[in-house]
Amino acid sequence: MSAALFPATFDTVRLHAQRMDETHLPFIRAMHADARLMATMGGTRDLAASRLYLLRNLAHWTQQGFGMYVLSERDSGVPAGRAGLKRAVDAVEVAYALVPGCWGKGYATEIARALLALGFGQLPVDALAAVALDGNAASCRVLEKCGMRRVATAGEGAARKRRYEIRRAEWRGAIGANISA
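Residues numbered from 1 in each chain as written. Predicted model: local features only at pLDDT ≥ 70, side-chain atom pairs only at ≥ 80, totals over all residues. Heavy atoms only, no water.

Caption draft 1: A look at the overall build of the protein. Secondary structure assignment for the protein yields six helices and eight strands. Ordered by position from N to C terminus, the α and β elements of the protein give β-β-α-α-α-β-β-β-α-β-α-β-β-α. In terms of overall dimensions, the protein is globule-like: its C-alpha atoms have a radius of gyration of 15 Å, near the 16 Å expected for 181 residues. By principal-axis analysis of the C-alpha atoms, the protein measures approximately 40 × 40 × 35 Å. Within the protein, the fraction of its 181 residues that count as buried is 45%. (Helix = DSSP H or I, 4+ residues; strand = E, 2+ residues; numbered from the N terminus. Rg over C-alpha atoms; globule rule 2.2 N^0.38 Å. Buried < 20%, exposed > 50% of the residue type's maximum accessible area, 1.4 Å probe, protein only.)

Caption draft 2: Broad picture of the side chain of Glu-110. Positionally, Glu-110 belongs in helix α4 (residues 107-122). When neighbours within four sequence positions are excluded, Glu-110 is seen to be in contact with Thr-12, Val-13, Arg-14 and Leu-15. (Contact = heavy atoms within 4.5 Å.)

Caption draft 3: How the structure looks around the layout of surface pockets. Put simply, the largest pocket is a space of about 1,200 Å³. Lining the largest pocket we find 40 residues, and of these Thr-40, Met-41, Ala-95, Tyr-96 and Val-131 sit closest to its centre. Secondary structure elements with two or more residues in the lining of the largest pocket: α3 (47-64), β4 (79-87), β5 (92-98), α4, β6 (127-133) and α5 (137-145). (1 Å grid on protein atoms, 1.4 Å probe; cavity = no way out; pocket = protein on both sides within 12 Å on 5 of 7 lines; lining within 4 Å. Points joined across faces, edges and corners; volume = space filled by probe spheres on them.)

Caption draft 4: Up close: the state of the cysteines. Counted by the stated rule, this structure contains zero disulfides. For the unlinked cysteine Cys-102, the closest cysteine sulfur is that of Cys-146, found at 17 Å. For Cys-102, a relative accessible area of 4% translates into the label buried. With no disulfide of its own, Cys-140 lies 12 Å from the sulfur of Cys-146, the closest cysteine sulfur. (Disulfide = S-S within 2.5 Å.)

Caption draft 5: The pattern of salt bridges, seen in detail. Per the stated rule, a full pass over the model turns up 10 salt bridges. Measuring nitrogen to oxygen at the nearest pair gives 2.7 Å for the salt bridge that ties Glu-110 to Arg-14. Here Arg-14 lies in the loop between β1 (9-11) and β2 (15-19) and Glu-110 lies in helix α4, a separation of 96 residues in the sequence. Judged by relative accessible area, which is 15%, Glu-110 ranks as buried. Take Arg-14: its relative accessible area is 32%, and that puts it in the partly exposed class. Residues Arg-167 and Glu-165 are paired through a salt bridge, measuring 3.3 Å at the closest nitrogen-oxygen approach. (Salt bridge = Lys/Arg side-chain N within 4 Å of Asp/Glu carboxyl O.)

Structural data, given as structure tokens:
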């Protein structure tokens, strides 16, 4: 795929998304060190793991033509999190993580809806997926508000994950019902 398949930047109503690059390592490192945030994603990561995460995401952009973005609030420029689309083994997944100061503001729903629109608008896929920890009720609710439905649950205890999916036809219907507006 072309490295220019997706835009380098885009805006939603309240967020600015910039293609993840090397300059974002300090922010990614800070996110990965935040125990409260990383409790929703399996635990904190050290600098080496953060650097590896960044390098893998840069390679994903090169190989796939899409990937992760770093988010900031449009009005203030304050870093808000990261989000994007990533190719998994059997699907393209919507992924997002917001810093705790941005929780409860509707940003996750806003960026997830934008990513669904971008994914279905730019990729030749019949479905998009997402994964959330079973115990992360807020993230599960975001995915459901975006029209995604739970298709599987796997794992045990704190590592138990829900897999969500939305098919292109369902997404089109959701737009017509103003779910994605």
